[in-house]
Amino acid sequence: MATNPPTSPAQPFLELRLGGLHLIVQRIPTWLVTLVTTASGTGIAWWTSR
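What you see is a predicted model; the values in this text were computed from it and never measured. (Residues numbered from 1 in each chain as written. Predicted model: local features only at pLDDT ≥ 70, side-chain atom pairs only at ≥ 80, totals over all residues. Heavy atoms only, no water.)

Brief notes about the overall build of the protein chain
Then, number 1: Broken down by element type, the protein chain carries one helix and two strands.
Then, number 2: Shown N-terminal to C-terminal, the secondary structure of the protein chain runs as helices and strands in the order β-β-α.
Then, number 3: The C-alpha radius of gyration computed for the protein chain amounts to 20 Å, which surpasses the reference 10 Å derived for 50 residues by more than 25%, pointing to a less compact arrangement than a globule.
Then, number 4: For the protein chain, the spread of C-alpha atoms along the three principal axes comes to 70 × 35 × 15 Å.
Then, number 5: About 5,000 Å² of surface is accessible on the protein chain, with carbon and sulfur atoms providing 66% of the total. (Helix = DSSP H or I, 4+ residues; strand = E, 2+ residues; numbered from the N terminus. Rg over C-alpha atoms; globule rule 2.2 N^0.38 Å. Areas by Shrake-Rupley, 256 points an atom, 1.4 Å probe, with all protein chains shown as cover.)

Written out as structure tokens, the structure is:
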């Protein structure tokens with residue numbers, strides 16, 4: 001009977017430690033990426049049209 005070796009947990013996307021605060025982000029939500037790119041595109045279009 002073959003067994004699979006234990007796998008290590010996936011590396012977090014972002015790990016932030018500030019004093020007593022320890023924040024771990026495993027993955028970035030798709031809605032957040034969409035929001036940031038839309039806002040950036042809108043801001044750049046507004047800036048260049050001035």
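Now that the structure is up, let's keep going.
A few points about the packing of aromatic side chains
Then, number 1: For the structure on display, the rule yields one aromatic pair.
Then, number 2: For Arg-50, the ring lying beneath its charged end belongs to Trp-47, and the centroid distance is 4.6 Å. (Phe/Tyr/Trp six-rings, centres within 6.5 Å; stacked < 30°, edge-to-face > 60°. Lys NZ or Arg CZ within 6 Å of the ring centre and 35° of its normal.)

Side note on the pairing of strand E2 (residues 21-25)
Then, number 1: Pairing geometry for strand E1 (residues 14-18) and E2, over five bridges, is antiparallel. Bridge pairing in E2 links Arg-17 to His-22.
Then, number 2: Adjacent in sequence and paired antiparallel, E1 and E2 are bridged by two residues, among which Gly-19 carries a positive phi angle near 60°. (Pairing = 2+ DSSP bridges.)

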